[in-house]
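Remarks on the overall topology
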Amino acid sequence: MNALVDTNDLKAEAVTISERVNALVVSTTEEAQEAFGLRNMVKDYIAKVEAHFEPHKKRASEVHKGLCADEKRELAPALQYLTVLDVKLSLFQAAEQKRLEAERLRLEEEARKQAESQTLAQAAAAEAAGDKVEAEAILQAPVEVPAVILPKQKIEGGHFRTDYFGTVTDAAAFFKAAAEDKTGALRALWEPNESSIKKFASSTKGNVKVPGLTFGSRSVPVGR
């Protein structure tokens, strides 16, 4: 069935099938038999259409594969350059963040020492004025150290974005937490695999009881 079929013939056959399918009422055994016959006719029609387009699709696929191969070959060096640059930039960013954190801690330590010196000076002044109670209160009060905020790093031509990710390291613990989560936020991360459930139901014929899972069956028409 690889020879090309006249599309006009296919269109005419589709009209005939459409009229018969829409007119058929299945309420008797004879009409059900006719429905199965029409069903086989539709499947034959589908096979003819697929056969008509198959050689065209094959040629288009071969052209597409060739173009994709050429594109991949041309892009390979540039993609490698991007990878190398991204690695270098990531290493720079990690080193820069480490440097900035060290600088922040150093400035915070300086600010703390300065605040402590000011506190001691104020306490000494109060005691020199004869107000020992005030001096003691100053010394007992917590030292307020201003937060150190370093300017954000700016680089012309680009910036760094923080990407967050999660990895399931204990599936049983994760599923338990998702099941007990009353907000539904964790359950949204756990999407059942419908395809695997269907295969399991088919292999067990739904005779295995699984908590939280309901099996069912339905009749599906099958022709020749």
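All of these numbers come straight from a predicted model, not from anything done at the bench.

1. A few points about the overall build of the protein
Counting its regular elements, the protein contains 5 helices and 0 strands. Along the protein, helices and strands appear, N-terminal first, in the series α-α-α-α-α. In terms of overall dimensions, the protein is more spread out than a globule: its C-alpha atoms have a radius of gyration of 38 Å, far above the 17 Å expected for 224 residues. If you line up the protein on its principal axes, its C-alpha atoms span 115 × 55 × 30 Å. Buried residues in the protein amount to 9% of all 224 residues. Total accessible area on the protein is roughly 18,900 Å²; 58% of this is exposed by carbon and sulfur atoms. In the protein, the 31 positive side-chain charges and the 34 negative ones have mean positions that sit 8 Å from each other.

2. Points about helix 5 (residues 194-204)
Its side-chain oxygen 3.1 Å from the backbone nitrogen of Ser 195, Asn 193 forms the N-cap of helix 5. With its phi angle positive at about 55°, Lys 205 sits one or two positions after the end of helix 5.

3. With respect to a nonpolar patch on the surface
A cluster of nonpolar side chains, contributed by Leu 85, Leu 89, Phe 92, Ile 155 and Phe 160, occupies part of the molecular surface with about 420 Å² of accessible area. Its relative accessible area of 39% is what places Ile 155 among the partly exposed residues.

4. Quick look at the pattern of salt bridges
In a structure, side chains of opposite charge can pair up when their charged atoms sit close to one another. The full count for this structure, using the stated rule, is 12 salt bridges. Among the salt bridges present, the one from Arg 73 reaches Asp 70, with a minimum N-O distance of 2.4 Å. Of this pair, Arg 73 and Asp 70 are both found in helix 2 (residues 29-128), 3 residues apart, which corresponds to roughly one turn of the helix. Salt-bridge contacts for Glu 110 lead to Arg 106; the nearest nitrogen and oxygen are separated by 2.5 Å. Within this pair, Glu 110 and its partner Arg 106 are both found in helix 2, separated by 4 residues, close to a single helical turn. Because the salt bridges share partners, they merge into one network encompassing Glu 101, Arg 104 and Glu 108.

5. Things to note about the packing of aromatic side chains
By the definition in use, this model includes 2 aromatic pairs. On the basis of an interplanar angle of 50° and a centroid distance of 5.7 Å, the ring pair of Phe 174 and Phe 175 is categorised as tilted.

6. Regarding the side chain of Gln 93
Relative to the helices and strands, Gln 93 is located in helix 2. Leave out the neighbours within four places in its chain, and Gln 93 touches Gln 153 and Phe 160.

7. Details of the packing of helix 2 against helix 3 (residues 132-140)
Here helix 2 crosses helix 3 at 170°, and the two axes come no closer than 7 Å. Between helix 2 and helix 3, the crossing angle belongs to the class labelled roughly antiparallel. Along its contact with helix 2, which presents Thr 119, Leu 120, Gln 122, Ala 123, Ala 126 and Glu 127, the element helix 3 presents Lys 132, Glu 134, Ala 135, Ile 138 and Leu 139. Partitioning the contact of helix 2 with helix 3 into residue classes produces 6 nonpolar, 2 polar and 3 charged.

8. Considering the packing of helix 1 (residues 7-23) against helix 2
With their axes 11 Å apart at the nearest point, helix 1 and helix 2 run at an angle of 160° to one another. For the element pair helix 1 / helix 2, the angle class is roughly antiparallel. At the point where helix 1 passes helix 2, the crossing takes the left-handed sense. Of the residues in helix 2, those in contact with Thr 7, Leu 10, Glu 13, Ala 14, Ile 17, Arg 20 and Val 21 of helix 1 are Glu 34, Leu 38, Met 41, Val 42, Tyr 45, Lys 48, Val 49 and His 52.

9. Quick word on the confidence of the model for the protein
When pLDDT is averaged along the protein, the result is 87, and 97% of the positions lie at 70 or above. Of all helices and strands in the protein, the one with the weakest mean pLDDT is helix 3 (84), whereas helix 2 scores best (92).

10. Points about the side chain of Thr 119
Examined against the element boundaries, Thr 119 turns out to sit in helix 2. A residue is classified by how much of its surface remains accessible, and Thr 119, at 15% relative accessible area, is buried. Setting aside residues no more than four positions away along its own chain, Thr 119 makes contact with Ile 138 and Val 143.

The rules behind the values
Residues numbered from 1 in each chain as written. Predicted model: local features only at pLDDT ≥ 70, side-chain atom pairs only at ≥ 80, totals over all residues. Heavy atoms only, no water. Helix = DSSP H or I, 4+ residues; strand = E, 2+ residues; numbered from the N terminus. Rg over C-alpha atoms; globule rule 2.2 N^0.38 Å. Buried < 20%, exposed > 50% of the residue type's maximum accessible area, 1.4 Å probe, protein only. Areas by Shrake-Rupley, 256 points an atom, 1.4 Å probe, with all protein chains shown as cover. Lys, Arg positive; Asp, Glu negative; His and termini not counted. Charge placed at Lys NZ, Arg CZ, Asp CG, Glu CD. Polar contact = N/O pair within 3.5 Å; in protein donor to acceptor, adjacent residues only side chain to side chain. Patch = residues over 30% accessible without salt bridge, like charges linked within 9 Å, V, L, I, M, F, W, Y side chains within 5 Å. Salt bridge = Lys/Arg side-chain N within 4 Å of Asp/Glu carboxyl O. Phe/Tyr/Trp six-rings, centres within 6.5 Å; stacked < 30°, edge-to-face > 60°. Contact = heavy atoms within 4.5 Å. Axes fitted to C-alpha atoms, helices over the stretch in contact; angles between N-to-C directions. Parallel < 35°, antiparallel > 145°, perpendicular 65-115°, else oblique. Nonpolar A, V, L, I, M, F, W, Y, C, P; charged D, E, K, R; others polar. Left-handed = near helix turned anticlockwise from the far one by under 90°. pLDDT = per-residue confidence, 0-100.

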